[in-house]
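What follows is each chain in one-letter form.
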Amino acid sequence: MRIIRAKDYDDMSRKAANVISAQVIMKPDCVLGLATGSTPIGAYAQLVKWYDKGDLDFSKVTSVNLDEYKGLTRDNDQSYYYFMNHHLFSKVNINPDRTFLPDGTEKDSDKACGDYDRIIADVGGIDLQLLGLGHNGHIGFNEPADTFEAGTHCVDLTESTVKANQRFFASIDEVPRQAYTMGIQTIMLAKKVLVVVSGEDKAKIVKEAFFGPITPKVQASVLQLHRNVTVVADEAALSLVK
Ligand code: GLP
């Protein structure tokens, strides 16, 4: 595991965008595993700037996102589809037919998850998986549990995750209680993993996830076993790590 120390959020975003753009330049037809949440927004904005300057070409890129809320339609401004479209897809020349997320409108969980695993297999797996880190150590929506789930599955969001995501919704009652998320095995099979973390409120979980015991209670801790993980974190997020 490589830890890259960034000065602040902007520096973290630029460094992460550099890693993603290197992937796109080295392999123009790569498969990017993408993430939502507030942390990657700056990196996406930086990628859009470089695209606007003519430095990046996404025309051959395929993307698969980590997760989607169950029950939200694509035009709901809180859906992850909407988020990705708003922050990246509509602003670069990625082929919309090559951008994939779990189908939040599919009521049959087994079908939604099976379909998504087939899509990931069909695109040939993930070259670079971008991840944020939840306050409880979740990656995607893999919440603290007794086991690691392999493939895409439907999760009941923990109360703390519902509360953490409340800030994006008009009221807590509107926060979906379930989501479809890529599983841990799929994430671990990505050739490279890039984790972005920012802020003092993440310092405790950074220490637990990357320097503590490997346990499904802190799902991100499994990344310690991955061969090619880069964590780009700002000083505040690394403040409890020597
Ligand atoms: C969300 C997403 C995760 C994200 C995490 C942290 O619930 N499902 O993919 O990494 O929570 O979000 P943030 O970056 O806003 O702290």
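Reading guide: rules and limits
Residues numbered from 1 in each chain as written. Predicted model: local features only at pLDDT ≥ 70, side-chain atom pairs only at ≥ 80, totals over all residues. Heavy atoms only, no water. Pairing = 2+ DSSP bridges. Helix = DSSP H or I, 4+ residues; strand = E, 2+ residues; numbered from the N terminus. Contact = heavy atoms within 4.5 Å. Patch = residues over 30% accessible without salt bridge, like charges linked within 9 Å, V, L, I, M, F, W, Y side chains within 5 Å. Areas by Shrake-Rupley, 256 points an atom, 1.4 Å probe, with all protein chains shown as cover. Salt bridge = Lys/Arg side-chain N within 4 Å of Asp/Glu carboxyl O. Near = heavy atom within 4 Å. Polar contact = N/O pair within 3.5 Å; in protein donor to acceptor, adjacent residues only side chain to side chain. Nonpolar A, V, L, I, M, F, W, Y, C, P; charged D, E, K, R; others polar. Axes fitted to C-alpha atoms, helices over the stretch in contact; angles between N-to-C directions. Buried < 20%, exposed > 50% of the residue type's maximum accessible area, 1.4 Å probe, protein only.

(A) Spatial organisation of the sheet that holds strand β3 (residues 62-65). Ordered in space as β1-β10-β9-β6-β2-β3-β5, the 7 strands form an open sheet in which the pairing is parallel. At either margin of the open sheet sits one strand with a lone partner, and together these are β1 (2-6) and β5 (99-100). Sheet topology places β3 next to β5; 2 bridges connect them, and they run parallel. Bridged to V64 within β5 is F100.

(B) Representation of the environment of H87. Topologically, H87 is positioned in helix α3 (residues 80-87). For the pair H87 and D57, spaced 30 residues apart in sequence, the C-alpha to C-alpha distance is 16 Å. Setting aside residues up to four positions removed in sequence, H87 forms contacts with I41, Y44 and V48.

(C) Seen up close, a nonpolar patch on the surface. Taken together, the side chains of M1, I3 and F211 define a hydrophobic patch exposed on the protein surface, amounting to about 270 Å² of accessible area. Along the polypeptide, M1 turns up in the segment before β1.

(D) Geometry of the site of the ligand. Taken together, 13 residues sit near the ligand, with S38, T39, D67, R167 and K202 positioned nearest. For the ligand, an oxygen atom lies 2.7 Å from a polar atom in the side chain of K202. Alone, the ligand offers 390 Å² of accessible surface; in the complex the protein occludes 95% of this. Of the residues that constitute the shell around the ligand, the class distribution is 3 nonpolar, 7 polar and 3 charged.

(E) Region of interest: the sheet that holds strand β7 (residues 153-156). Reading across the sheet, the 3 strands line up as β4-β8-β7 and stay open at both edges, with antiparallel pairing between neighbours. Of all strands in the sheet, those with a lone pairing partner are β4 (67-69) and β7, marking the two edges. Between one strand axis and the next, the sheet turns through 25 degrees on average, direction left out of account. Bridge analysis of β7 against strand β8 (residues 178-181) gives 4 bridges, and the strand direction is antiparallel. When the bridges of β8 are listed, H153 appears paired with T181.

(F) Examining the pattern of salt bridges more closely. Tallied over the entire structure, the rule returns 8 salt bridges. Of the charged contacts in the structure, one is a salt bridge between K191 and D127, with a shortest N-O distance of 3.0 Å. Linking K191 in the loop between α6 (184-188) and β9 (192-197) with D127 in the loop between α4 (109-122) and β6 (128-131), this pair joins segments that are 64 residues apart in sequence. Overall, K191 belongs to the exposed group, its relative accessible area being 52%. According to the relative accessible area criterion, D127 is buried, its value standing at 5%. Several salt bridges share partner residues, and in doing so they unite D11, R14 and K15 into one network.

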